[in-house]
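As a plain string of letters, each chain reads:
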Amino acid sequence: MVMRIAVPQLAAALEPAVFTLWIGSMWTIGFIVAPVLFLSLPDPMTAGAIAGRLFRIGGYIGLICSVLLLAAAFLRESGAALRSWRVQVLFAMLVITAVGQFGLLPQIEHLKDLAGGRLIAGSALERQFGRLHAVSSTLFVVNSVLGLVLAVRGLYRPGRRG
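Keep in mind that what you see is a predicted model, and the values were worked out from it rather than measured. (Residues numbered from 1 in each chain as written. Predicted model: local features only at pLDDT ≥ 70, side-chain atom pairs only at ≥ 80, totals over all residues. Heavy atoms only, no water.)

Participant: I'd like to hear about a nonpolar patch on the surface, residue by residue, with values.
Facilitator: A surface patch of nonpolar side chains, amounting to about 850 Å² of accessible area, comprises Trp 27, Phe 31, Ile 32, Val 36, Trp 85, Val 141, Val 145, Leu 148, Val 149 and Val 152. At the level of secondary structure, the elements contributing two or more residues to the nonpolar patch comprise helix H1 (7-40) and helix H4 (124-153). It is H4 that contributes the most residues to the nonpolar patch, five residues altogether. Assignment of secondary structure puts Trp 85 in helix H3 (residues 85-114). Accessibility expressed as a relative area gives 31% for Trp 85, which makes it partly exposed. (Patch = residues over 30% accessible without salt bridge, like charges linked within 9 Å, V, L, I, M, F, W, Y side chains within 5 Å. Areas by Shrake-Rupley, 256 points an atom, 1.4 Å probe, with all protein chains shown as cover. Salt bridge = Lys/Arg side-chain N within 4 Å of Asp/Glu carboxyl O. Helix = DSSP H or I, 4+ residues; strand = E, 2+ residues; numbered from the N terminus. Buried < 20%, exposed > 50% of the residue type's maximum accessible area, 1.4 Å probe, protein only.)

Printed below as a string of structure tokens:
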């Protein structure tokens, strides 16, 4: 006998795993792996290059997971999803991730390329890199906190989980 599962039920069953993958990878890369790289490797440029690759991978994980979670919310709640603060938070997190992934990271990488991999302290490139890195880091922390809020409060309204 073949068990048939409706798409909304399948989406609801997969949401916790998708959310855990996204938020778990974000916190692991940003608050564990990247700091350990900078503490462990003697060359901060090498640590930064590895961390940058990991943040890029984490960004793609975030984009895919946020789109899947938003699609699941719309499958479950239809137009009512737009009024849900949880869906609005997920959408904000998607936007923040996209800004970092397609706006800030390419600019940061471009500055590194212009500097030949070595930013000279006090140079205009180094100051611009510092500003972009600060904005990127701030957005990452905001996304991390929003993810924590969703984890603590839950992805669903009480009684809506099926």
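Participant: Break down the packing of aromatic side chains for me, with residues and values.
Facilitator: Applying the stated criterion across every chain yields a total of four aromatic pairs. Geometrically, the ring pair formed by Phe 31 and Phe 140 is tilted, given 5.7 Å between the ring centres and 50° between the ring planes. Here Phe 31, found in helix H1, pairs with Phe 140, found in helix H4; they are 109 residues apart in sequence, far enough to count as distant. Assessed through its relative accessible area of 36%, Phe 31 is described here as partly exposed. With a centroid separation of 5.3 Å and an interplanar angle of 85°, the aromatic rings of Phe 55 and Phe 140 are classed as edge-to-face. Separated by 85 residues along the polypeptide, Phe 55 in helix H2 (residues 44-77) and Phe 140 in helix H4 bring together distant segments of the chain. Residue classification places Phe 55 among the partly exposed residues on the basis of a relative accessible area of 27%. An aromatic cluster is defined as three or more aromatic residues linked by ring pairs; in this entry it consists of Trp 27, Phe 31, Phe 55 and Phe 140. (Phe/Tyr/Trp six-rings, centres within 6.5 Å; stacked < 30°, edge-to-face > 60°.)

Participant: Explain the layout of surface pockets to me, using residue names and the numbers behind them.
Facilitator: Over the atoms rolls a probe the size of a water molecule, and its path tells where empty space is left. By volume, the largest pocket amounts to about 810 Å³. Lining the largest pocket are 38 residues, and of these Ala 51, Phe 55, Leu 105, His 133 and Ser 136 sit closest to its centre. Counting only elements with at least two residues in the lining of the largest pocket, the list comes to H1, H2, H3 and H4. Here the lining of the largest pocket gets twelve residues from one element, more than from any other, and that element is H2. Each residue belonging to the lining of the largest pocket can be placed in one class, and the counts come to 21 nonpolar, 14 polar and three charged. (1 Å grid on protein atoms, 1.4 Å probe; cavity = no way out; pocket = protein on both sides within 12 Å on 5 of 7 lines; lining within 4 Å. Points joined across faces, edges and corners; volume = space filled by probe spheres on them. Nonpolar A, V, L, I, M, F, W, Y, C, P; charged D, E, K, R; others polar.)

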